[in-house]
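A closer look at the structure
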Amino acid sequence: MNNYDERVITGEHSYSEIKERDVGAIGKHCDVKSCHQLDFLPFKCESCLGTFCLDHRTETAHTCPHEGKWAAARRRREVGTLPSPSSSSTGRTLGPSTCAHPPCKTTIHTARSAGVLCPNCKRTYCLSHRLQDSHNCSTLPPLLPPTAKAQATATAKGALAKFKAWTAGKSERVGEKVREKRQGSTVVEALRLKREAKGDDKVPMDKRVWVYVEAEKGSTMSKLPKGEFFYSKDWSVGKVLDQAASALQIQNVNNRGDDEEQRLRIFHVEGGRMLSFSEKFGDTVLTGNTIVLLRGVMLPDLIAEV
């Protein structure tokens, strides 16, 4: 039997009372041949569908030929694998999964361990971590619903396409700049850069990295398109970005929220990659290199595709 009354599956026993409204069942004899007792309140076994008295109502007591069938149906119903609806209102399948709290390895959505959806961060946890304080809910960004996630992905792809189109022309211009330097004097150019570049005078000379800084106009709307500056090789990329944005008069909202569409990042032209905020500037960038400030291009996209 594949179809069960949901009320029966979610019950605590493999048998159920036959209600008085089932007139035909009143006064039935127990199906156990050695008993055959007449019972006016008989029980129905939900595994073999037989009718039994009080003493033989359990599967063990009447040696049920389909013992365990009811329990198996109940387990399948609890983990959402019956043909009946098996998904939550958010569209996620309620099959066995792991608690969303990283240190916890508890398997949830099973007969022994339920899963609890947090209404704030939209993640599912075991009973031990269901409370917001127990899974540090206040520090977790809410998960985007499917429509918002799709929109964010489309925005990121648009920004990435714009970035690739820009770098295609930029690579050629950098090549021309390098050829011009080789045709002239690299030493003279380096001396000019060190003489004209601006920066924090408190940075020791032996710690300085002199670079060309540019802003991609389409994504930053910079008031000053480019400049020549020096920074400390010990500074983080994040600090260099703040200094460069201020010097080129670019609006910098990196510290005001998690909106990737408005976040500024630094692209290292010679290295051909986006720099992460935490890495040390001098470990990657050398004197005479070019860095570009871009907005709305997410770092994971560039690592995967550029």
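Presented here is a report on the structure given in the accompanying data block. Per-chain numbering applies: the sequence of each chain, read as written, is numbered from 1 onward. Totals for whole chains, interfaces and linings use all residues, but because this is a predicted model, local features are given only for residues with pLDDT of at least 70 and pairs of side-chain atoms are given and counted only at 80 or more. Note: side-chain values were computed over all heavy atoms of the structure, leaving out hydrogens and water.

What about the environment of Gln243?
Only DSSP runs of H or I with at least four residues qualify as helices, and only runs of E with at least two residues qualify as strands; both kinds are numbered from the N terminus onward. In this structure, Gln243 sits in helix α6 (residues 237–247). Sequence-wise, Gln243 and Asp200 are 43 residues apart; in three dimensions their C-alpha atoms are separated by 9.4 Å. By definition in these notes, contact holds between two residues if any of their heavy atoms fall within 4.5 Å. If near-sequence neighbours (up to four positions away) are discounted, Gln243 is found in contact with Tyr231 and Trp235.

Some thoughts on α6
Burial classes: relative accessible area under 20% of the type maximum marks a residue as buried, over 50% as exposed, and values in between as partly exposed (1.4 Å probe, protein chains only). Within the sequence span of α6, burial applies to Val237, Gly238, Val240, Leu241, Ala244 and Ala245. Each buried residue of α6 sits inside an arc of 155° when the element is viewed along its axis, so together they form one side. Here the arc refers to the directions that run from the helix axis out to each C-beta atom.

Some remarks on the packing of aromatic side chains
Stacked, tilted and edge-to-face are the three classes applied to pairs of Phe, Tyr and Trp rings, where Trp contributes its six-membered ring and a pair requires centres within 6.5 Å; stacked means planes under 30 degrees apart, edge-to-face means over 60, and tilted covers the rest. Within this structure, the stated rule accounts for four aromatic pairs. Seen from their ring centres, Trp210 and Phe230 are 6.3 Å apart, and the 50° between their planes marks the pair as tilted. With Trp210 in strand β10 (residues 208–215) and Phe230 in strand β11 (residues 226–232), the pair connects residues that are 20 residues apart, well separated along the chain. For the pair formed by Trp210 and Phe230, the shared burial category is buried. Ring centres 6.3 Å apart and planes at 50° place the aromatic pair Tyr231 and Trp235 in the tilted group. In terms of burial, Tyr231 and Trp235 fall into one category: buried. The criterion for a charge sitting over a ring is simple: Lys NZ or Arg CZ within 6 Å of the ring centre, and within 35 degrees of the ring normal. The aromatic ring of Phe43 is capped on one face by Arg57, whose charged end is 5.8 Å from the ring centroid. We note Lys194 situated over the ring of Trp210; from NZ or CZ to the ring centre the distance is 4.8 Å.

As far as function goes, none of this settles anything; it's purely spatial.
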